[in-house]
Amino acid sequence: MLQYITKQDLNKTVWVKPQYLKENRKWYVIDATGQTLGKLAVKVANLLTGKNKPFVCDFWDCGDYVIVENVDKIVVTGNKLKDKLYRAHSGYKGHLKEIPLERMLQKNPERVIELAVKGMLPKNKLRKERLKRLKLFRGQMKGYEHVSPERID
C-alpha cells in the first residue's frame, strides 16, 4: 500500500534517543589507495557526521566509525605537493614552521587526512567526539576485525 505524506506529517520531527544512536553505530572501512585527498575527506566527514542517515541533526552525534586504510597512498592533483603548506606558529617572533604537503605525506600521512577531515566537520562541541571515531592506518587495518566493518570504495 502506498502511504501519502500530508502537510501535517511534514511538520513532525523525528526524535531518536541518544542511547539508540550510540548502540547502533556502524563501522565502515575505506581504502584510500589512489583516491584524491579532498574527495576522500568529504566521504569520511559525511560518515562521521551521519549525513547518510534519515534522522541526521546538527546537535546529535549520530555518525558512525570510519577506518581508513592505506593513507600513505592518497593522490593530490595539480602542484599541491609543493604549493600546499601546513603552518604551525609557536607564538614567538620568527617561529613559524611551514611544511609542504610532499614532506608531510612522507613524515606523517595520517595527519594530512586528519586535518582535511577536521576542516570539513562542523565547528562545534561534537567535533572532537567525531574525530575520535576516525581510525587511520598506513597499511591494512589491525585490531578491528571483531567489529565486522562494511567496506566502501
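Here is what the cut-offs are and how they apply
- Residues numbered from 1 in each chain as written.
- Predicted model: local features only at pLDDT ≥ 70, side-chain atom pairs only at ≥ 80, totals over all residues.
- Heavy atoms only, no water.
- Helix = DSSP H or I, 4+ residues; strand = E, 2+ residues; numbered from the N terminus.
- Rg over C-alpha atoms; globule rule 2.2 N^0.38 Å.
- Buried < 20%, exposed > 50% of the residue type's maximum accessible area, 1.4 Å probe, protein only.
- Contact = heavy atoms within 4.5 Å.
- Areas by Shrake-Rupley, 256 points an atom, 1.4 Å probe, with all protein chains shown as cover.
- Phe/Tyr/Trp six-rings, centres within 6.5 Å; stacked < 30°, edge-to-face > 60°.
- Expected span 1.5 Å × (residues − 1).
- Salt bridge = Lys/Arg side-chain N within 4 Å of Asp/Glu carboxyl O.
- Pairing = 2+ DSSP bridges.
- Right-handed = clockwise from strand over helix to strand, strands pointing away.
- Core = buried A, V, L, I, M, F, W, Y, C linked by side-chain atoms within 4.5 Å.
- Disulfide = S-S within 2.5 Å.

Engineer: Looking at this model, I keep getting lost on the overall build of the protein chain. Mind explaining?
Structural biologist: Looking only at helices and strands, the protein chain has 7 helices and 6 strands in total. The globule rule puts the C-alpha radius of gyration for 153 residues at 15 Å, and the 19 Å found for the protein chain is more than 25% above it. With the C-alpha coordinates aligned to their principal axes, the bounding extent of the protein chain is approximately 65 × 40 × 30 Å. When each of the 153 residues of the protein chain is scored for burial, the buried share is 36%. Pairs at least 24 residues apart make up 67% of the contacts formed inside the protein chain by residues separated by at least 6 positions. Within the structure as shown, the protein chain displays about 10,700 Å² of accessible surface, and the carbon and sulfur contribution to it stands at 53%.

Engineer: Could you clarify how one ought to interpret the packing of aromatic side chains in this entry?
Structural biologist: For any pair of aromatic rings, the description rests on two quantities: the centre-to-centre distance and the angle between the ring planes. This model, assessed by the stated rule, comprises 4 aromatic pairs. Aromatic side chains Trp-27 and Tyr-144 sit 5.4 Å apart centroid to centroid with 35 degrees between the ring planes, which places their arrangement in the tilted category. Of this pair, Trp-27 sits in strand β1 (residues 27–31) while Tyr-144 sits in the loop between β5 (134–136) and β6 (150–152), placing them 117 residues apart in sequence. Through successive ring pairs, a cluster of aromatic residues spans Trp-27, Tyr-65, Phe-137 and Tyr-144.

Engineer: So what exactly am I meant to see when it comes to helix α6 (residues 109–120) here?
Structural biologist: One turn of the α-helix equals 3.6 residues, which is why residues spaced by three or four share an orientation. Taking 1.5 Å of rise per residue, 12 residues should cover 16 Å, and α6 covers 17 Å from first to last C-alpha, within 8% of that figure. Where α6 is buried, its residues contact α3 (37–49), β3 (85–89), α5 (101–107), α7 (127–132) and β5.

Engineer: Which parts of the structure should I look at to understand the pattern of salt bridges?
Structural biologist: One side chain can pair with another of opposite charge once the charged atoms of both are near each other. Throughout the structure, instances matching the rule amount to 8 salt bridges. Its salt-bridge partner being Arg-130, residue Asp-61 comes within 3.4 Å of it at the nearest N-O pair. Of this pair, Asp-61 sits in the loop between α3 and β2 (65–69) while Arg-130 sits in helix α7, placing them 69 residues apart in sequence. For Asp-61, a relative accessible area of 12% translates into the label buried. You can call Arg-130 buried: its relative accessible area is 2%. With a shortest N-O distance of 3.3 Å, Glu-69 and Arg-151 are connected by a salt bridge. Of the two residues, Glu-69 is situated in strand β2 and Arg-151 in strand β6; the sequence distance between them amounts to 82 residues. Connected via shared salt-bridge partners are Arg-25, Asp-61, Arg-130 and Arg-133.

Engineer: What is the right way to read the pairing of β2 from this model?
Structural biologist: In summary, the side chains of a regular strand alternate between the two faces of the sheet. Buried residues dominate β2, accounting for 4 of its 5 residues. With 5 bridges connecting them, β1 and β2 associate as parallel partners. Considered in β2, the bridge of Tyr-28 is made with Val-66. Crossover handedness for the path β1 to α3 to β2: right-handed.

Engineer: I keep staring at the nonpolar core and nothing clicks. Help me out?
Structural biologist: Where a protein is soluble and globular, its nonpolar side chains tend to be buried together. Counting residues in hydrophobic clusters, the biggest one holds 27 residues, and the most contacted among them are Val-44, Val-68, Val-117 and Leu-134. Put simply, the parts of the chain that give this core at least two residues each are β1, α3, β2, α5, α6 and β5. Among the elements that take part in this core, α3 stands out by supplying 7 residues, more than any other. Excluding residues within four positions of it along the chain, Val-44 makes contact with Ile-30, Val-66, Val-68, Val-117 and Leu-134. In this structure, Trp-27, Val-29, Phe-137 and Val-147 belong to the second largest nonpolar core, which totals 6 residues.

Engineer: I keep staring at the state of the cysteines and nothing clicks. Help me out?
Structural biologist: By definition, a disulfide links the sulfur atoms of two cysteine residues through a covalent bond. Inspection of the entire model under this criterion finds 0 disulfides. Looking at the unpaired Cys-57, the closest cysteine sulfur is the one in Cys-62, lying at 7.5 Å.

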